[in-house]
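# Secondary and tertiary structure notes
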Amino acid sequence: MECLLPLCRPFKMAAPISDGKIELGFIEKSEIWRQTSPFFPSKVGGRPSWLSLTDLPNSSKLLCGNCGKPVIFLLQIYCPVDAFEGTFHRTLFLFICKDSVCHSQNSNKPFIVFRSQLPRVNSVYNFEPIEEENVKTSEFDTTIKKFGINLCVLCGCNAGNKKCSKCHTTFYCSKEHQLIHWKGGHKTACCKDGVQDEVPNILFPENEIVTEPEPSLDEQQRDETEAVTKQETDSGYSAEELEKMALKETKEDKHFLSFKDRIGLEPEQVLRYQRGGDPLWVSHNHQPVPTDIPACQCGSRRIFEFQVMPQMLIHLEVDKLDASIDWGTLAVYTCEANCNEGEAYHAEFLWKQDYEKSSDSKIQDS
Ligand SMILES: [Zn+2]
Ligand SMILES: [Zn+2]
Ligand SMILES: [Zn+2]
Ligand SMILES: [Zn+2]
């Protein structure tokens, strides 16, 4: 089989079914070329760096479950699974509706998850990784053309044959994105040489996601946490008042405090990865029971794979656009068997859990 692309980074560590260790994800600035498909990135924002180049999800599969408008790319995680030949390369993609009106308490409707995977021998990427300096990103654009893919100029999703009817050179996933581009600059630039064709940016800021193992909560850290807690309580409350407050402390508060302790070890974490493990819930309410997680189309059960933490919201700069895109955590469940029948992008499942309202006010207080 002819390989069109070199690989540029040594293959990353595979992620087997959890051995109890949790990988934490952090945001890191890196060069844009590193975020493209040949580098198998884990990243947030920008355009999706598609893995398989056959059967990109049709635009009709990337619509918000609430408003029916196109979702946009949120993040992707490169997470091969060793146990299967077909998952030598494996990436999970998460999309989100950017309209804050669609985001309601504990609702997963504005989210879409896809899994894509390839064996080591495939028609897109080389068998062996090669040196980074030998790679030109432009080669990948050529590859995309060879696969006959047209990407939406705004969001980087599959446009199929939908293009500007005037110039026939600019492609769109949807009428919505065509309209945004038309109003945002294409109206004046269409069919005109030398006129800069402005493309309005509707995407999230693009950054790499790097991972490292979660540190263990050893005795020393426990002592430090206790010392901090003590300092906080030495802040002018009488013993009687403290006792009253403790009595009022609900189950929910306790859950929230233990959640805060756990992420306090690495407060910058934006993601937790533990295939086959358990999510760290932000609340004792609205946790799924096994029947809440639908089985995969292939009949296999789905297992937990990773969760997006609320700290990720800071890096999306959603406050500037709209205050109400928000979550406690987004837990992604994927087919245990990593089935590969049918189309190249397999829909997976997301569970959204928000803070209880009482904890909401607690965060703002602290
Ligand atoms: Zn929507
Ligand atoms: Zn689009
Ligand atoms: Zn045009
Ligand atoms: Zn399956």
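Everything numeric here is computed off the predicted structure, so don't read it as measured data. (Residues numbered from 1 in each chain as written. Chains lettered and ligands numbered in written order. Predicted model: local features only at pLDDT ≥ 70, side-chain atom pairs only at ≥ 80, totals over all residues. Heavy atoms only, no water.)

## Description of helix H5 (residues 251–264)
- Along its 14 residues, H5 runs 20 Å from first to last C-alpha, staying within 8% of the 20 Å computed at 1.5 Å per residue.
- Those residues of H5 that sit buried are Glu252, Asp253, His255, Phe256, Phe259 and Ile263. Looking down the long axis of H5, one finds its buried residues gathered within 160° of arc, a one-sided arrangement. Along H5, the residues that are exposed and aim more than 90 degrees away from the buried face are Lys251 and Lys254. (Helix = DSSP H or I, 4+ residues; strand = E, 2+ residues; numbered from the N terminus. Expected span 1.5 Å × (residues − 1). Buried < 20%, exposed > 50% of the residue type's maximum accessible area, 1.4 Å probe, protein only. Arc of directions from axis to C-beta.)

## A short note on the coordination of the zinc ion (ligand 4)
- Taken together, Cys296 (SG), Cys298 (SG), Cys335 (SG) and Cys339 (SG) make up the full set of protein donors to the zinc ion (ligand 4), lying 2.2 to 2.4 Å away.
- Its four donor atoms give the zinc ion (ligand 4) angles of 103 to 117° at the centre, a pattern that matches the tetrahedral case.
- Going along the chain, you hit the donors of the zinc ion (ligand 4) in the pattern C-x1-C-x36-C-x3-C.
- For Cys335, a relative accessible area of 0% gives the class buried. (Donors = N, O, S within 2.8 Å, 3.2 Å for Na, K, Ca; no water. Tetrahedral: all angles 85-135°; square planar, octahedral: opposite > 155°, others 65-115°.)

## Brief notes about the pattern of salt bridges
- For the structure on display, the rule yields eleven salt bridges.
- When the shortest N-O distance is used, the salt bridge between Arg115 and Glu348 registers 2.6 Å. One end of the pair, Arg115, is in strand E6 (residues 111–118); the other, Glu348, is in strand E12 (residues 346–353), and 233 residues separate them in sequence.
- Under the relative-accessibility criterion, Arg115 is labelled buried at 0%.
- According to the relative accessible area criterion, Glu348 is buried, its value standing at 9%.
- Residues Glu336 and Arg301 are paired through a salt bridge, measuring 2.9 Å at the closest nitrogen-oxygen approach. One end of the pair, Glu336, is in the loop between strand E11 (329–335) and E12; the other, Arg301, is in the loop between strand E9 (271–273) and strand E10 (302–308), with 35 residues separating them in the sequence.
- When its relative accessible area of 52% is taken as the criterion, Arg301 is described as exposed.
- Residues joined by salt bridges that share partners form a network here, namely Arg90, Arg275 and Glu305. (Salt bridge = Lys/Arg side-chain N within 4 Å of Asp/Glu carboxyl O.)

## Details of the pairing of E12
- Among the eight residues of E12, seven are classified as buried, and the element is accordingly described as predominantly covered.
- In terms of strand pairing, E6 meets E12 through three bridges, oriented antiparallel. By the bridge assignment, Arg115 is partnered in E12 with His346.
- Taken together, the five bridges between E11 and E12 define a ladder with antiparallel strand orientation. Each bridged residue has a counterpart across the sheet, and for Thr329 the counterpart in E12 is Gln353. (Pairing = 2+ DSSP bridges.)

## A look at the coordination of the zinc ion (ligand 2)
- Around the zinc ion (ligand 2), the donor atoms from the protein are Cys152 (SG), Cys155 (SG), Cys173 (SG) and His177 (ND1), and they sit 2.0 to 2.3 Å away.
- What the four donor atoms of the zinc ion (ligand 2) show is an angle range of 95 to 119° at the metal, which sorts the shape as tetrahedral.
- Going along the chain, you hit the donors of the zinc ion (ligand 2) in the pattern C-x2-C-x17-C-x3-H. With Cys152 in the loop between helix H1 (137–146) and helix H2 (175–189) and His177 in helix H2, this pair connects stretches of sequence that are 25 residues apart. Here Cys152 and His177 have matching classes, each one buried.

## A short note on the environment of Phe95
- As for its position among the elements, Phe95 is in strand E5 (residues 89–96).
- Sequence separation of Phe95 and Cys64 is 31 residues, and the distance between their C-alpha atoms is 9.1 Å.
- Apart from residues no more than four positions distant in its own chain, Phe95 is found in contact with Pro48, Trp50, Leu62, Val71, Ile72, Phe73, Leu74, Pro110, Phe111, Ile112, Phe114 and Cys157. (Contact = heavy atoms within 4.5 Å.)

## Comments concerning the sheet that holds strand E3 (residues 43–44)
- Read once around its circumference, the closed barrel built from ten strands follows the order E2-E8-E3-E4-E5-E6-E12-E11-E10-E9, with strand pairing classed as antiparallel.
- Relative to E5, strand E4 (residues 72–78) runs antiparallel, the two being bridged by six bridges. Its bridge partner being in E5, Ile72 is matched across the sheet by Ile96.

## Details of the packing of aromatic side chains
- In the structure shown here, the tally under the stated rule is 14 aromatic pairs.
- On the numbers, 5.9 Å between centres and 70° between planes, the contact of Phe73 with Phe95 is edge-to-face. Taken together, the positions of Phe73 in strand E4 and Phe95 in strand E5 put the pair 22 residues apart, joining distant regions of the chain. Phe95 shares its class with Phe73; the two are buried.
- Put simply, the rings of Trp50, Phe73, Phe93, Phe95, Phe114 and Tyr345 touch in pairs and so form one group of aromatic residues.
- Above the plane of the ring of Phe204 lies Lys98, whose end atom (NZ or CZ) is 4.7 Å from the centre.
- Directly above the aromatic system of Phe127 lies the positively charged group of Arg120, at a separation of 4.0 Å from the ring centroid. (Phe/Tyr/Trp six-rings, centres within 6.5 Å; stacked < 30°, edge-to-face > 60°. Lys NZ or Arg CZ within 6 Å of the ring centre and 35° of its normal.)

## Observations concerning the confidence of the model for the chain
- A residue-level look at the chain finds 79% of positions with pLDDT of 70 or above and a mean pLDDT of 84.
- By mean pLDDT, the top-scoring element of the chain is E12 (98), and the lowest-scoring one is strand E1 (residues 5–7) (37).
- Considering only residues more than four positions removed or in separate chains, one finds that residues 13–17, a stretch of pLDDT under 50, has ten contacts. (pLDDT = per-residue confidence, 0-100.)

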